[in-house]
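Commentary on secondary and tertiary structure
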Amino acid sequence: MSAWQRLGGVILLATLVLLGIFRSHLGTRLDSLTVDEPWHIVAGTSYVRSGDFRLNPEHPPLAKLWVGAWMPDDFKLRPLLPLREKIQERDEVEETVFFDNDSLRAQHYARLAMWSLNGSLIFVLGLLLWRAFDLAWAAGSLAFLAIEPTVAAHLPVVMTDLPLGLTLMVAAVCAGLLAAEWRWRWVLGFGIAIGLSLGAKHSALAGIVGIVAVLMVAALLAWRGESWRGVSSRLGKLALAGLIGVAVLWAQYGFHFHPGSDGSDHFNRVMADKISDLNVAHYRESIAFADRWQLLPRGYLWGLADTVRTGVEGRGISEHFVWGKIYEGRAPWFTWPAIIVSKVPLALLALSLLGVALSWRVTFPATSRWVLWTVIGACGLHFLALLGSQGIWGGVRHAMPLLVALSVPAGAAVAQAWARRSRTLMAAVVLLFVSPIAMTVREPRVWEYHNELVGGSRDAYRYFGNEGLDLGQRFAEIRAFHERVIKPSGKPMYVDYWVGEEQMRAARLNYRRRVESLQDTNVEGIYEGYFVYGMSNTLPWPSWDWDPKEVFKELRLVARFGHVGIWHGRQVRPQTRAGSLYGKVEEYIYKESGDDWALVATRLEEVVAQKPQSVAPAVELGNAYVRMGNGPAAIKAYRRLLDQQKAPIDPLVRQQLEAQIAQIESNADLSKLKPVRNPWLE
């Protein structure tokens with residue numbers, strides 16, 4: 001290939017990346033910040049300016065560091081102070097973004113930063129696919145990524161999911177090239193890619209294990225021609241790549257073990273407690289071992305403990321809404337395939353399947369074969385990890401490596417059509433690219449996109465209830481409606497839609513909590529004004545006594561913005577008031593350091609009377625009685641949750657509560673008994 005041809009190929013791939021960014025702009029230009037972005041933006045800026053990694057340790061720093069470096073000098077940060085629990089930290093970062101700064105300006109810089117980061121990763125992936133296969137294959141894969149709506153939605157957001165998907169695919173392709181050639185350049189490339197993947201998100205670990213498993217097989221195959229010397233050489237190179245990856249991860253934490261460069265550990269929860277929160281022994285012991293011997297930065301290990309606690313062990317969620325049906329216990333095995341199949345345009349799914357079909361009997365060169373195997377290894381282990389996780393609430397973003405990997409067989413379809421010089425096949429491939437462009441390019445909110453299998457974006461809430469529907473991006477429409485209608489009326493606005501509370505207060509909305517004080521006396525739960533709900537709330541959920549006919553009986557829908565509806569009227573809902581009362585109690589305990597446990601118990605008794613199936617209030621009520629030294633009342637509180645028949649209890653939660661009850665019944669000293677950790681604090 002001549003220099004001019006290579007230059008043309010580079011220009012082609014760069015053009016596809018830029019077109020993808022432009023397509024992303026069209027589908028996200030109306031979006032407000034997601035609920036997690038303020039946390040990442042403030043944390044990343046703090047990392048860059050102070051070298052202190054105490055904020056937001058539950059996510060590794062790659063994307064945050066990148067965005068922090070892009071934030072303008074006049075972006076204000078508050079002094080770093082000790083924090084207690086995530087609830088306090090979230091308020092702190094939201095106040096920083098929405099009260100201390102121009103949030104729209106911060107979002108502008110953050111979007112530019114993430115387009116540059118994700119665009120660069122896509123471009124590198126394209127170059128590697130060109131090296132592993134050919135230019136047609138690489139161009140087809142990048143065209144898939146440029147068109148796919150969910151990729152477009154994640155390109156500008158300061159979140160960790162798309163960087164994970166892209167860095168993991170870069171690592172897989174580098175690993176395949178290493179398995180085929182065992183050259184030092186690919187040892188270095190694979191090592192750097194490992195480090196970037198680890199720095200993108202903790203769930204990279206599963207995919208990396210899958211890749212390494214394939215590389216181990218490739219290393220052992222040297223026995224056939226090079227005896228043990230060849231095997232040892234390859235295993236040594238693989239070990240070196242791993243060390244490079246760990247070094248790259250350490251570099252992202254400034255090469256210091258503690259989050260503070262001065263050796264301090266000011267997390268929102270101390271490391272020893274964070275590790276002890278884990279219920280599964282082998283996870284707890286492994287992370288404790290790594291922390292004790294300082295094998296990885298403490299901030300990374302803190303976040304890994306948090307990921308295991310929330311994503312693997314779970315938050316006590318025991319019911320899941322999948323494909324229009326409520327499932328009890330663990331989510332069904334088909335949950336993740338269903339989520340992906342509903343989010344990707346059908347034509348692009350068909351394109352990937354066509355690539356698999358066309359390539360099935362093709363004899364690829366060794367390099368291409370190894371790359372395909374490492375991609376399969378990464379996706380296979382990530383998929384198995386998803387099956388064992390409790391994180392379906394995150395929706396498609398938790399499956400982002402699988403979605404990005406669909407671009408590889410899509411590229412194969414283009415490559416095979418080009419190689420066979422078949423006009424019919426080429427026309428089919430072009431049609432499969434053009435039709436999703438025509439069908440989705442006018443979609444103003446690509447984050448919400450769902451395909452026709454679930455009734456499109458408008459009706460997807462009837463099939464799923466996860467963050468792939470919405471993550472707070474409709475705030476601008478809510479604010480505009482407030483200024484146009486609600487504010488002139490003078491009526492309050494009650495919000496049961498996940499959007500930052502500090503964001504609403506900074507915008508001076510007529511926002512009201514149903515319970516603003518622990519002295520609240522509105523036991524009947526009577527409210528009048530405007531009510532903001534996600535459309536999923538219009539569906540019944542029997543185990544939680546949620547009947548839309550009753551909830552919305554005296555309300556009238558006056559506006560709808562995607563997944564968000566605004567109703568006006570009067571509502572009588574003591575159960576909803578109880579949920580808001582619990583939120584106030586939680587703040588009293590974990591933000592205000594309140595210790596009037598008699599008051600806490602009194603208020604929580606009101607909550608559990610209305611919501612006996614709710615885990616968090618029951619746990620905190622039992623804990624309050626333990627702190628008061630009232631063992632029988634604590635047992636009763638825990639037992640009420642275990643014995644209720646409205647909703648199933650997660651097995652790990654049940655195990656914790658039964659162990660606590662057993663200790664109380666054994667006449668343990670309640671003043672020394674450790675409270676049960678509320679899983680909803682993670």
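Below, the structure is looked at part by part. If you're wondering where the values come from, they're calculated on a predicted model, not measured in any experiment.

**Examining the overall build of the protein**
When helices and strands are tallied, the protein shows 29 helices and six strands. Over its C-alpha atoms the protein spans a radius of gyration of 26 Å, differing by no more than 12% from the 26 Å that the globule rule assigns to 682 residues. Overall, the protein is about 80 × 55 × 50 Å in size when its C-alpha atoms are taken along their principal axes. Considering the protein as a whole, with its 682 residues, one finds that 59% of them fall into the buried category.

**Here we look at the pairing of strand β6 (residues 564–572)**
Across the nine residues that make up β6, a large majority, seven, are buried. One ladder, built from nine bridges, connects strand β4 (residues 526–534) with β6; its direction is antiparallel. Bridge assignment links Gly-529 to a residue of β6, and that residue is Gly-569. Between the antiparallel neighbours strand β5 (residues 555–561) and β6 lie two residues, among them Gly-562 with a positive phi of about 60°.

**Overview of the pairing of strand β2 (residues 325–328)**
Taken together, the four bridges between strand β1 (residues 319–322) and β2 define a ladder with antiparallel strand orientation. Bridged to His-320 within β2 is Tyr-327. Taking the residues between adjacent antiparallel strands as the criterion, β1 and β2 are bridged by two residues, where Trp-323 takes a positive phi near 55°.

**Considerations on the pattern of salt bridges**
Counting across every chain of the model gives 44 salt bridges. A salt bridge links Lys-274 to Glu-682; its shortest N-O distance comes to 2.5 Å. Of this pair, Lys-274 sits in helix α12 (residues 271–276) while Glu-682 sits in the segment after α29 (651–665); the two residues are 408 residues apart in sequence, bridging distant segments of the chain. Since its relative accessible area comes to 3%, Lys-274 is described here as buried. Shared partners join several salt bridges into a network, and the residues in it are Glu-58, Glu-85, Lys-86, Arg-269, Lys-274, Asp-277, Asp-306, Arg-677 and Glu-682.

**Focus on the packing of helix α8 (residues 161–181) against helix α10 (residues 204–220)**
Across the interface, α8 lies against α10 with an axial gap of 10 Å and an inter-helix angle of 5°. Between α8 and α10, the angle is such that the two are roughly parallel. Taken together, the residues of α10 that come into contact with α8 (itself represented by Leu-164, Leu-168, Ala-171, Ala-172, Ala-175, Leu-178 and Ala-179) are Ala-204, Gly-207, Ile-208, Ile-211, Leu-215 and Ala-218. Residues of the contact of α8 with α10, tallied by class, amount to 12 nonpolar, one polar and no charged.

**Remarks on helix α13 (residues 281–292)**
Working note: α-helix, 3.6 residues per turn, so residues spaced by three or four point in the same direction. For α13, spanning 12 residues, the distance from its first C-alpha to its last is 16 Å, which sits close to the expected 16 Å at 1.5 Å a residue. Of all the residues in α13, the buried ones are Ile-287, Ala-290 and Asp-291. Angular distribution of buried residues about the axis of α13 spans 100°; they occupy a single face of the element. Pointing more than 90 degrees away from the buried face of α13 are the exposed residues Glu-285 and Arg-292. Contacts made by the buried residues of α13 are with α12 and α14 (298–313). Residue Gln-294 follows α13 closely and has a positive phi angle near 55°.

**Examining the packing of aromatic side chains**
All chains considered together, the criterion is met by 20 aromatic pairs. Seen in terms of ring centroids, Phe-53 and Tyr-253 are 5.3 Å apart; in terms of plane orientation they differ by 45°. Their pairing is tilted. Here the residue Phe-53 occupies a position in the loop between α2 (37–50) and α3 (62–70), and Tyr-253 occupies one in the loop between α11 (223–252) and α12, the gap between them amounting to 200 residues. The residues Phe-53 and Tyr-253 share a single accessibility class, namely buried. The ring centre of Tyr-527 lies 5.5 Å from the NZ or CZ of Arg-514, which sits over that ring. We note Arg-627 situated over the ring of Trp-597; from NZ or CZ to the ring centre the distance is 4.3 Å.

**Some points on the nonpolar core**
Phe-190, Ile-211 and Ile-287 are the most contacted members of the largest nonpolar core, which totals 149 residues. Not counting residues within four places of it along the chain, the set of residues in contact with Phe-190 comprises Ala-171, Cys-174, Ala-175, Leu-178, Ile-211, Leu-215, Leu-238 and Ala-241. Of all hydrophobic cores here, the second largest spans 40 residues; its members include Val-615, Ala-616, Leu-621 and Val-626.

The rules behind the values
Residues numbered from 1 in each chain as written. Predicted model: local features only at pLDDT ≥ 70, side-chain atom pairs only at ≥ 80, totals over all residues. Heavy atoms only, no water. Helix = DSSP H or I, 4+ residues; strand = E, 2+ residues; numbered from the N terminus. Rg over C-alpha atoms; globule rule 2.2 N^0.38 Å. Buried < 20%, exposed > 50% of the residue type's maximum accessible area, 1.4 Å probe, protein only. Pairing = 2+ DSSP bridges. Salt bridge = Lys/Arg side-chain N within 4 Å of Asp/Glu carboxyl O. Axes fitted to C-alpha atoms, helices over the stretch in contact; angles between N-to-C directions. Parallel < 35°, antiparallel > 145°, perpendicular 65-115°, else oblique. Contact = heavy atoms within 4.5 Å. Nonpolar A, V, L, I, M, F, W, Y, C, P; charged D, E, K, R; others polar. Expected span 1.5 Å × (residues − 1). Arc of directions from axis to C-beta. Phe/Tyr/Trp six-rings, centres within 6.5 Å; stacked < 30°, edge-to-face > 60°. Lys NZ or Arg CZ within 6 Å of the ring centre and 35° of its normal. Core = buried A, V, L, I, M, F, W, Y, C linked by side-chain atoms within 4.5 Å.

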